[in-house]
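# Summary of structural features
Here is how the chains run, residue by residue.
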Amino acid sequence: ISASRSANAITVIDSKQLKNRAALSVSDFLRDVPGLAVSRSGVQGSATQIRVRGAEANHLLVLIDGVEANDPSQSDELNWGTLSAADIERIEVIRGPQSSLRGSDAMAGVVNIVTRRADRPLSVNLFSETGSFGTYHSGLSIGSKQGDFDGRLSVNHIETEGENISRTGSEKDGYRNTNINLNAGWTVSDELRLSVAARQSDGMNEFDADGDFDGLVDDQEKVSEFRNSTMRIQGDYVSADGRFQHKLVMAQSNNDNEAFDTGVLGTYTSSTKYQYQYVGSAFWDESSQRLSVLAEREEEDFQQRGAIDDYGIYGIYDPNQDRERNTDSIAIEYRNDISDALSLAASARYDDNSEFDSANTVRVEAVYQLNDGTRLRSAYGTAIKNPTFTERFGFYTNFIGNPSLEPEESTSWELGIDQMLFDNSLTLSATLFDTELKNEINGSAVDPVTFGYTAVNKEGKSQRQGVELTAIGTLTNSLSLNAAYTYTDSVEWDDETGVYIDEVRRARHMASLNLSWQAMDNLHINTNVQHNGSQTDVVFPDIVALDSYTLVNLNANFSATEKLDVYLRLDNLFDESYEEVFSYQTLGFGASLGVRFSL
């Protein structure tokens, strides 16, 4: 649907922005999105979490070419540290609950990543860059669009020596990742299109951990190897009169994670998710009204392997397990553009899960175009998040699973206004949001029998409130800006003290600024500023403070010829020293120089 007809708070990062910033990871772009908080445990390739509007990291659903990429073996999160930005065409971000359409993992929002498709009879693209910290990044893509067929295959590889994650020692923590991406389709007729998409990521990252449990990360020779893939086959049918649309999808995602300590395999997790989905839509009243129905089957398999540990008085823990869960869902959505000014929508979803009670979620929204320059938005929604495999069945150490956990439940509302100024060259937006969460899962509770750690549903309700402000527009013929500010007050009920406390790794104040300057016809310069306010983190059993920081990044793209581009990226220009996760060191100033060549 058109973004102007949606009440959602939406951010779109297009191909031009992706090219001008030339960042290595998708998470680097998402730092500029209002409401999103990024926490990276160290250097490039390290474990990375993203939280939306003060929610948990596993409350955000990630789609890659329509395939759910969240990893059930990693607490239903996506490890953003391993998601390369190469060969991506577009990133769409929807903030706010989307469970009524997308189910459990979409409690706080959805990130939809769309990879590139072939758009010319024949295209060959190459790029290569080198930079600080022993970083090399290169790739090749071949695409062809011939008549009713289009196909594109790309391969890219990134390798970096990195820096030491821990505060002490000199051992560097490196990262390596090879990505293969396929996107192809066949337009069988004016009504029918068949398509296939597949993406695989294979690599490793070196990391450090707290070996002596003093709260500080120790310099260690630990390595994590990963293999992630998504695959999809899809058929789209549109009736000749445009009144009916049908979509049939079969998708699969796989994740394998192995952890090594001084070269010895220690732990292993894997997951596979199968999805079978049908979506049908009917349009009438000159397409101003739409009714859509979804039917979906989701099957998840989880495997975990590790050493059996004897904790003495705490008992013997065997982490080896095989689990599965299935969900059958139906959903319905009705949308009505009542007039040129007013749009209404309502959606509802029913989930029948093999492990939990059936769940119902709903969402209603309204958009009103007050005048040519002012648009009002409002939405209300409920959402759920099912407990993860780890929370229910345990982990490698003395973390005891709790199979009696109940799903988390939330109720949210938001109000927004969009104001266009100066002949629509500048758009100012403000969104006020409020979420109440009950049954929040606390993963650091103490088991009363074994005295190990466990997960429990907390008493009381957690509150997430705030406001998002954005300014997007063209200042002059050659200068444009994209600015955002977010205030988030995210608190949870503390069972021990009986008061609300701040949730960790959620700064109250976050801001970003992008200035895009077309200095010459063939020279583009982008200045990026990111500010993250002070926040808290946990060093069990204590709460510690992390200082605020501001990063400045600079990018220059020079078109030497129609086929050759040269680009320069300067990260952390002023060599800011900061931590996003307590005791995990981040990268200082870095420079990269690259070239792109197309045939």
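Residues numbered from 1 in each chain as written. Predicted model: local features only at pLDDT ≥ 70, side-chain atom pairs only at ≥ 80, totals over all residues. Heavy atoms only, no water.

A few words on the overall build of the chain. When its secondary structure is counted, the chain shows four helices and 37 strands. Since a compact globule built from 599 residues should have a radius of gyration of about 25 Å, the 24 Å found for the chain is in line with a globular shape. Principal axes of the C-alpha set define a box for the chain whose edges measure 70 × 55 × 45 Å. Expressed as a percentage of its 599 residues, the buried residues of the chain come to 52%. Roughly 26500 Å² of accessible area belongs to the chain as shown, and the carbon and sulfur atoms make up 56% of that amount. Put simply, the chain has 49 plus and 92 minus side-chain charges, and the middle of one group is 6 Å from the middle of the other. (Helix = DSSP H or I, 4+ residues; strand = E, 2+ residues; numbered from the N terminus. Rg over C-alpha atoms; globule rule 2.2 N^0.38 Å. Buried < 20%, exposed > 50% of the residue type's maximum accessible area, 1.4 Å probe, protein only. Areas by Shrake-Rupley, 256 points an atom, 1.4 Å probe, with all protein chains shown as cover. Lys, Arg positive; Asp, Glu negative; His and termini not counted. Charge placed at Lys NZ, Arg CZ, Asp CG, Glu CD.)

Turning to the packing of aromatic side chains, a few remarks are in order. Summed over all chains, the structure comprises four aromatic pairs. The ring of Phe582 has Arg167 lying over it, and the distance from NZ or CZ to the ring centre is 4.8 Å. Against the face of Tyr567 rests Arg596, its NZ or CZ located 4.2 Å from the ring centre. (Phe/Tyr/Trp six-rings, centres within 6.5 Å; stacked < 30°, edge-to-face > 60°. Lys NZ or Arg CZ within 6 Å of the ring centre and 35° of its normal.)

Attention shifts here to the nonpolar core. Counting residues in each nonpolar core, the largest one holds 26 residues, and the members touching the most others are Val26, Leu30, Trp80, Ile91 and Ile113. Setting aside residues up to four positions removed in sequence, Ile113 forms contacts with Val26, Val62, Leu63, Ile64, Asp65, Trp80, Leu83, Ile88, Arg90 and Ile91. The next biggest cluster of nonpolar side chains, apart from the first, holds six residues, and it includes Ile165, Val217, Tyr584 and Leu587. (Core = buried A, V, L, I, M, F, W, Y, C linked by side-chain atoms within 4.5 Å. Contact = heavy atoms within 4.5 Å.)

Spatially, S1-S6-S7-S4-S5 is the arrangement adopted by the five strands of the open sheet, whose pairing is mixed. Each edge of the open sheet carries a strand with a single partner, namely strand S1 (9–13) and strand S5 (67–68). Of the pairings in the sheet, the one linking strand S6 (residues 88–95) to strand S7 (residues 109–115) comprises seven bridges and is antiparallel in character. Bridge pairing links Val93 to Val111 in S7. (Pairing = 2+ DSSP bridges.)

Once that is clear, we can look at the sheet that holds strand S26 (residues 441–446). In space, the three strands of this open sheet follow the order S23-S27-S26, with mixed pairing throughout. For this open sheet the edge positions go to strand S23 (399–400) and S26, each flanked by a neighbour on one side alone. Across four bridges, the pairing between S26 and strand S27 (residues 453–457) is antiparallel. When the bridges of S27 are listed, Ala445 appears paired with Thr454.

Evaluated as defined, the whole model comprises seven cavities of 30 Å³ or more. Empty space within the largest cavity amounts to approximately 460 Å³. Along the walls of the largest cavity sit 27 residues, with Asp28, Arg40, Gln44, Asp571 and Leu587 positioned nearest its centre. Looking at the lining of the largest cavity, the elements that each hand over two or more residues are strand S10 (149–163), strand S35 (549–559), strand S36 (564–571) and strand S37 (590–598). In terms of residue class, the lining of the largest cavity is made up of seven nonpolar, 13 polar and seven charged. As a volume, the second largest cavity reaches approximately 230 Å³. Looking at the lining of the second largest cavity, the elements with two or more residues in it are strand S16 (289–305), strand S19 (321–337), strand S20 (342–353) and strand S22 (374–385). Residue classes in the lining of the second largest cavity are distributed as four nonpolar, seven polar and twelve charged. (1 Å grid on protein atoms, 1.4 Å probe; cavity = no way out; pocket = protein on both sides within 12 Å on 5 of 7 lines; lining within 4 Å. Points joined across faces, edges and corners; volume = space filled by probe spheres on them. Nonpolar A, V, L, I, M, F, W, Y, C, P; charged D, E, K, R; others polar.)

Under the criterion given, the structure shown has 46 salt bridges. For the salt bridge of Arg335 with Glu333, the shortest nitrogen-to-oxygen distance reads 2.9 Å. Owing to a relative accessible area of 10%, Arg335 belongs among the buried residues under this scheme. We note a salt bridge from Arg375 to Asp418, for which the minimum N-O separation is 2.6 Å. Remark: Asp418 occurs in strand S24 (residues 408–421) and Arg375 occurs in strand S22; sequence separation between them is 43 residues. Asp418 gets classed as buried once you look at its relative accessible area, which sits at 9%. Overlapping salt bridges, with partners in common, bring together Glu68, Asp76, Asp105, Lys273, Glu300, Arg325 and Lys385 in one network. (Salt bridge = Lys/Arg side-chain N within 4 Å of Asp/Glu carboxyl O.)

A word on the environment of Gln585. As for its placement among the helices and strands, Gln585 is situated in the loop between S36 and S37. With 375 residues separating them along the chain, Gln585 and Asp210 place their C-alpha atoms 13 Å apart. Every residue in contact with Gln585, bar those within four places of it in the chain, is listed here: Gly42, Val43, Asn164, Ile165, Ser166, Arg167 and Glu579. Side chain to side chain, Gln585 and Glu579 meet in a polar contact 2.5 Å long. (Polar contact = N/O pair within 3.5 Å; in protein donor to acceptor, adjacent residues only side chain to side chain.)

None of this, on its own, says anything about what the molecule does.
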